[in-house]
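# Understanding the architecture of this molecule
If you want the building blocks of each chain, they are given just below.
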Amino acid sequence: MTRRQQWKERERFQKEEEERKMNLQIYVFVLRCIAYPFNAKQPTDMTRRQQKVNKQQLQTVKERFLAFLNGETQIVADEAFCNAVRSYYESFLKSERASRMVQSGGCSANDFREVFKKNIERRVRSLPEIDGLSKETVLSSWIAKYDAIYRGEEDTRRPTQRAHMGSVSELILSKEQLYEMFQQILGVRKFEHQLLYNGCQLDNVDEQAAQIRRELDGRLQLAENIARERRYPKFISADMEVLYVEELRSSVNLLMANLESLPVSKGGPDFKQKLKRSSMNNSFLDLGDEGDILSKSDVVLSFTLEIVIVEVHGLKSLAPNQVVYCTMEVEGGEKLQTDQAEASRPQWETQGDFTTTHPLPSVKVKLFTERTGVLALEDKELGRVVLNPTTNSPKQAEFHRMVVPRNSPDTDLRIKLAVRMDKPPNMKHSGFLYASGQRLRKRWKKRYFVLVQVSQYTFAMCSYREKKAEPQELMQLEGYTVDYCDPQPGLQGGCVFFNAVKEGDLVIFACDDEQDRVLWVQAMYRATGQSYKPVPPQLNRTTNRKEGNPKPPTPISLNPSQRQGVEDLISATPSRFDHSTLFRVLQKKTLQHRMNDSFSCLGWFSPGQVFVLDEYCARYGVRGCHRHLSYLKDLMDYSEKSALVDPTLLHYSYAFCASHIHGNRPDGMGTVTVEEKEQFESIRSRLMTLLMNQITHFRYCFPFGRPDGALKATLSLLERVLMRDITTPVPSEEMKNLLQKCLEKAAQINYSQLLDYAQIKVDPEEAADKQLEDMLMLGELCIEVLQQNDEHHSEGREAFSWWSDLLADHAEAFLCLYRQNLDSALQVQPADSWNTFPLFQLLNNFLRTDPHLCNGPFHKHLQDVFVPLVVRYIDLMESSIAQSIHRGFEQETWQPVSNGSATSEDLFWKLDALQMFVLDLNWPEPEFAKHLEQRLKLMASDMMEACVKRTKSAFDAKMQKASKSTEFRVPLSVCTMFNILMDAKKQCSKLCVLDCSQEQQYHSRIDVLIDETFKEMISSLISKFAVVLDGVLSKLSRYDEGTFFSSILSFTVKAAAKYVEVPKPGMDLADTYITFVRQNQDILRDRISDELYIENLFEQWYSSSMKAVCVWLTDRLDLQLHTYQLKTLIKIVKKTYRDFRLQGVLDGTLNNRSYETIYNRLTVEEATAAVKAGGALQGLSMRDSDEEDI
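Residues numbered from 1 in each chain as written. Predicted model: local features only at pLDDT ≥ 70, side-chain atom pairs only at ≥ 80, totals over all residues. Heavy atoms only, no water.

### Thoughts on the overall build of the protein
On a plain count of helices and strands, the protein comes out with 35 helices and 16 strands. Each of the 1190 residues in the protein was classed as buried or not, and the buried ones make up 49%. Pairs at least 24 residues apart make up 73% of the contacts formed inside the protein by residues separated by at least 6 positions. Looking at the protein as shown, the accessible area adds up to about 59300 Å², and 49% of this sits on carbon and sulfur atoms. (Helix = DSSP H or I, 4+ residues; strand = E, 2+ residues; numbered from the N terminus. Buried < 20%, exposed > 50% of the residue type's maximum accessible area, 1.4 Å probe, protein only. Contact = heavy atoms within 4.5 Å. Areas by Shrake-Rupley, 256 points an atom, 1.4 Å probe, with all protein chains shown as cover.)

Given below as structure tokens:
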């Protein structure tokens, strides 16, 4: 190491030593403030702070929510809740801002819960109402499920130990807990605290009161010296010098009055210790209502003893075959017996198990022989042994000499046995020690000690007597520091020594073995939890004798220079110190400790810290303005390092300083130093920069609206900082312009951060598809950012009514940056590419629902860009649909497809898709939206008209080519044509209707066209059916009476009947026609989809058929029907009547006038034929036809 390095190392060491000495001096003053407070109290109305969420906990929470989304938990949830959790996981838990919140140390589990609650409140409000289930119930249920997911498998019935320990700092602390806290804050070791505590006599109330009186007297003398020597601070006005001295005197007088007001009988204030203190890891915790002092009944030990009797030696007085056995018992317990054995071989290997609560139990083992006499009441005792085992006793079996009865010949009777005494878990160490103390065990004597763990953080040194369950004496180890020490003069017994020291108490221990001492010190060191680790001496000390080391007993060895340093710290005069500097150090270290603890404090001190700082300022005269200026500096240091600091806290301290500087005397101080004013102006400028930076980075300084109300408080604080004095308000325009500039910068920052997050690099040379994909993803992220701004950062309107307008301007500026990239991406897209419309829908659906952004600059620009695209798209689609109709109907096979044919289905789908596409655009400008709708409806009407006409033409062509005989069956293509018209009629109401009266009339015209076409097609089909019936009737006309053909047919049939069996006339023709009717009915019923049109068709068909038959009969009123004609007509009419009735034709239509005429005529003809020909009708009858087989 070079000389320069040595010099630097020496300088660093000196600096550290000076800092350590200053910290110890501050700690002395803090000790006195805690030990005897007479000005301040611990506040009880402070907001309870929540536990921080650290990085590991954030990762755990992410894993738990991901496990829920993957279905790996037992939590039952519906789809809506799963969607809410998925949104929460993606937008919050996985976000960079959530990680920043955790890193800033200002994020608690409650913040996580509130973000989720705010998210689901919006979702639940948008859900439809459910009868019997209120939305408040849904919210409560969702929050309960969220809590279950967040907790995971943790046992929620009791808090974790970490949370239990940390929660005490938010409560009212005892003196011991405050001592420990400031030991940690100032880096004071435990043994140093104990030395300072004893040196300052903090347990002596009278001494503390006297110390305060000396301090106050010193402050009065200091004030007099300042006035006499005119050593005033530099004030902003010379008139303040006299006032300064008066302020010093009045502050001292106030302290004197406070001290005088304390009751003398109590000797000053004291805390009632409600919280139990533990020294473990130099931390403090609440152990509930256990109390301060352990009672003997709190210490309970339970031991398990195993007694194994192996064999007995030296048994000579009994015959070899005589029976012997052993009994064993523990004092106060049951008695057990071994098996019987012969005296020649007294061996057992028998084990007995016992339990006891005595650390020094008494074990009795006896040997007996059986008495065989009739009058013998008890067996004879041959010998006994009494043992006092401990947990440190040997575990293996050993021989023990037995005590035999008087005059027994077995003088060398020995028994081999083992006594194993297990150590219970709460027994940490045990053994015999010499001890004496100031409070307990004042007599130096040897005792049996047990180190007992009463609870997780409470240990006690207990001394026991034989056969006693409760300790004789008990020393609670909390607050003690154990260490090795030298032999003590005047104490007889013990070779090596160690001690335990506490404020106002010293206990000396000694044992006979160095290794035993090391084990005891290590066990007690772990029990006390002290930070100071005892180091065993290099050389064993000699046995303590009268001529031993005359060195006086000290709990901790200190060399003369160290002892002199402690004395200097204790005896230092407080009035000679610059307490402003010392307090600044104390407050800075306290804030550092507070910001690093397990709470999301946001810069707020705990109640105990506030109490100590208040007491220090009052007792040692620290000016309030200096205190708050230092506090502001420290808070801004943390805030500039991205730690979350409550702006309300900054506002409070700034308002105090501003009032003081402007002469409002918030703490009674009317004097203002030049240093205070300069520091205030510097802090004001720095605070202005900080606040503007926070508003510029509002998304990252107040992520997701957390801390709650922070943005509103920041805006209010900025307004306060802009004020030139405490009365003149800031002009609204000035404030608005400042915030507008901040939000303009925020737009640029947020957009650049968004590009970095999305990993999008705007490159004009990239492929068009890639640019469009990037713009779509970037648009989604932009919308998410603006929605989050509105949801989480709109609280500023509570501070300023025009905040919403500024946010809208910020959103427009943000979208303007996106617009530049959007335009460049759209310019490189192909002319006939329609992939850009999803991007328009995405942006437009968001913009049109936002009252501030709807039809704003960006929205109008978006419309201007997409109007030509929409018009061109519709033009091309119209041309494409028209061409598809022409080509489709030219190549149409008329095979049924869904509700029509392939061409009609394609047409209607395209028209519907085009209209849904335009509808989904949700065009925001009403006039253009109306124009688009009108054009599409008119186009649909034209296309539909063309479809109907082409279908009608094809139908006419089919019908012209159709057969006219009973072999005619309705072609499948004809049914398809009917279905096309029916589907067109249904689609017409959806595709062609507008609210406008003109288009309504146009739609009515299309509807009329379809109805007329239907009528024509039905009429054409009915005409075809009528032609078939006319053919049947024309065949029957051959049998008309008086015709030449009729006489030939009659003669031929009669002649042939003499030689062969001739088929009955009339059956074939009737059956053929009936089959024709039925099969066509089935075809129409099966193939045509609309029931109403089928019924209409059947009614017209039936009426036409009956009318044709009626006309045919009317033409033959003067002629009698031939039997063949009569039989055929009866069957046709009756079967037709029944078939159409089965098809649903109503009775009113069935029994029309034509049918009644036919019925009457055929009934008369039937009667005539029955008179003339007898059985010629072969059972056919109009009346009886209902009973015939169909």
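Following the structure, the description resumes.
### Remarks on the pairing of strand β11 (residues 445-455)
Burial runs high along β11: eight of the 11 residues are buried. As judged from the eight bridges shared by strand β10 (residues 427-437) and β11, these two strands associate in the antiparallel manner. What sits directly across from histidine 429, in β11, is leucine 451. In this sheet, strand β12 (residues 458-464) lies alongside β11 in antiparallel orientation, the contact comprising seven bridges. Looking at β12, one finds that phenylalanine 449 is bridged to serine 463. (Pairing = 2+ DSSP bridges.)

### A few points about the environment of glutamine 211
With respect to the element layout, glutamine 211 can be found in helix α10 (residues 205-229). For glutamine 211, a relative accessible area of 9% translates into the label buried. A sequence separation of 179 residues divides glutamine 211 from arginine 32, and the C-alpha atoms of the two residues are 8.8 Å apart. Setting aside residues no more than four positions away along its own chain, glutamine 211 makes contact with Arg32, Pro574 and Arg619.

### Here we look at the pattern of salt bridges
Following the criterion strictly, the structure yields 43 salt bridges and no others. As a salt-bridge pair, glutamate 229 and arginine 231 come within 2.5 Å of each other at their nearest N and O atoms. Assessed through its relative accessible area of 46%, glutamate 229 is described here as partly exposed. Accessibility expressed as a relative area gives 43% for arginine 231, which makes it partly exposed. One network of salt bridges, in which partners are shared, links Glu17, Arg20, Arg189 and Glu192. (Salt bridge = Lys/Arg side-chain N within 4 Å of Asp/Glu carboxyl O.)

### Digging into the side chain of aspartate 1040
Its location among the elements puts aspartate 1040 in the loop between α29 (997-1036) and α30 (1044-1057). Here the side chain of aspartate 1040 touches arginine 1116 through a polar contact of 2.8 Å, side chain to side chain. A polar contact is formed between the side chain of aspartate 1040 and the side chain of glutamine 1125, at a distance of 2.7 Å. (Polar contact = N/O pair within 3.5 Å; in protein donor to acceptor, adjacent residues only side chain to side chain.)

Fair warning: the whole summary comes from geometry, so function is off the table for now.
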